[in-house]
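# A structural walkthrough
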Amino acid sequence: MVSFKIVPQNSVGLLETLGKYSSTRQTGLNFRLPLVQKIRTVSLALQPLKLAGYSVITKDNADIGATVTLNFHITDPVKYSYENTNSIESMQQLVRGHLRDIIGRMELNEALGSTSQINKDLAEAIGDLTNTYGINVDRINIDELKPSAAIQSSMDTQLKADRERVAAISQAEGEAKSIELRAKANNEALIATAKANAEATRTKADAESYRIDKVQAALKNADQNYFNNQSINAFETLAKSDANLIVTNGADLDQTGQSAVLAKTLGQELAKEQD
């Protein structure tokens, strides 16, 4: 009596006779002897595996929780099935051990900012070692490196302090810049005002100088009749006022004095007659 078993696509069948590996059967219909032979199916397809989160210690003794995802496929079904009782667990232990070693040579800040480099170093470290288990790791990805709660709290406090320090520096720089701009504006305003006043004074002085030059030029060309006419006009203006002041030139001073005495005498005679 003969029985059969179908080996699915992308898999192989390991034929065991009385519990001992006999041969490898390929995809499709495969016959076996009942009770004597058994076909164990092994998938060769790519398989994802997420390692449970575990703790690693950095060079500066910081505790980090690591979560890793990897993709692997079985390269040697015989090694995978018979030379290790649990090849997948052995592979996980190998990955964990090398990850601890890589991160253990880094300080906290370096490790948190170097996940891509850690992925690369880890892939190179395990290299062909997993072939011992009949497995090849195709891709490793560190999903998360998370500091412990205590370290995270300290980092948050330091980050807040750094942000406040940066904000204080920015505010101080802004105020200093504002003071500088105001001082510059005030200086420019004072300079502009001083220039305007100087220009106004210069213009006024130029106008006064021009007027004096014109008067002096006119006086040089004036004759005695002009000055006599000016004297007449002055006397006429003075006569219309209530003042008893007489203005005359030095040449007529004696006549002016005589006129004043005569006027005084006439005034006294008129006063007597009125009495």
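Description of the structure in this document. On a predicted model such as this, the values are computed, not experimentally measured, just so you know. (Residues numbered from 1 in each chain as written. Predicted model: local features only at pLDDT ≥ 70, side-chain atom pairs only at ≥ 80, totals over all residues. Heavy atoms only, no water.)

## Re the environment of Lys50
- One can find Lys50 in strand β6 (residues 47-57).
- Along the primary structure Lys50 and Asn71 are separated by 21 residues, whereas in three dimensions their C-alpha atoms are 8.7 Å apart.
- Sequence-distant contacts of Lys50, defined by excluding residues within four places in its chain, comprise Thr67, Val68, Thr69 and Asp143. (Helix = DSSP H or I, 4+ residues; strand = E, 2+ residues; numbered from the N terminus. Contact = heavy atoms within 4.5 Å.)

## Topic: the sheet that holds strand β2 (residues 11-17)
- Ordered by their spatial adjacency, three strands build an open sheet running β3-β2-β5, and the pairing between neighbours is antiparallel. Either end of the sheet is taken by a strand with one partner, and the two such strands are β3 (20-25) and β5 (37-43). Each strand axis lies, on average, 30° off the axis of its neighbour in the sheet, ignoring direction.
- Sheet topology places β2 next to β3; five bridges connect them, and they run antiparallel. Residue Glu16 lies in a different strand from β3, and its bridge partner there is Tyr21. (Pairing = 2+ DSSP bridges. Axes fitted to C-alpha atoms, helices over the stretch in contact; angles between N-to-C directions.)

## Some details on the pattern of salt bridges
- Scanning all chains against the criterion turns up five salt bridges.
- The salt bridge involving Glu16 is made with Lys38; its shortest N-O contact spans 3.9 Å. Highlighted residues: Glu16 in strand β2 and Lys38 in strand β5, separated in sequence by 22 residues.
- Residue Arg202 is joined to Glu199 by a salt bridge in which the shortest nitrogen-to-oxygen separation is 2.6 Å. (Salt bridge = Lys/Arg side-chain N within 4 Å of Asp/Glu carboxyl O.)

## As for the environment of Val68
- Within the fold, Val68 resides in strand β7 (residues 63-74).
- Along the sequence, Val68 and Ile142 sit 74 residues apart, while their C-alpha atoms lie 4.5 Å from each other.

## Quick word on the nonpolar core
- Core analysis: the biggest nonpolar cluster contains 29 residues, and Leu70, Leu99 and Ile118 have the highest contact counts within it.
- Secondary structure elements with two or more residues in this core: β6, β7, α2 (87-104), α3 (108-112), α4 (115-126) and β8 (135-147).
- For this core, the leading source of residues is α2, giving six residues.
- Discounting chain neighbours no more than four positions away, the residues touching Leu99 are Tyr54, Ala66, Val68, Ile118, Leu122 and Ile142. (Core = buried A, V, L, I, M, F, W, Y, C linked by side-chain atoms within 4.5 Å. Buried < 20%, exposed > 50% of the residue type's maximum accessible area, 1.4 Å probe, protein only.)

## Structural notes on the packing of α2 against α4
- In the contact formed by α2 and α4, the axes pass within 10 Å of each other and the chain directions differ by 130°. One finds that α2 runs oblique with respect to α4. Pair α2 / α4 crosses with right-handed handedness. Residue-level inspection shows Leu94, Val95, His98, Leu99, Ile102 and Ile103 of α2 in contact with α4, the latter providing Ile118, Asp121, Leu122, Ala125 and Ile126.
- Broken down by class, the residue content of the contact of α2 with α4 amounts to nine nonpolar, one polar and one charged. (Parallel < 35°, antiparallel > 145°, perpendicular 65-115°, else oblique. Left-handed = near helix turned anticlockwise from the far one by under 90°. Nonpolar A, V, L, I, M, F, W, Y, C, P; charged D, E, K, R; others polar.)

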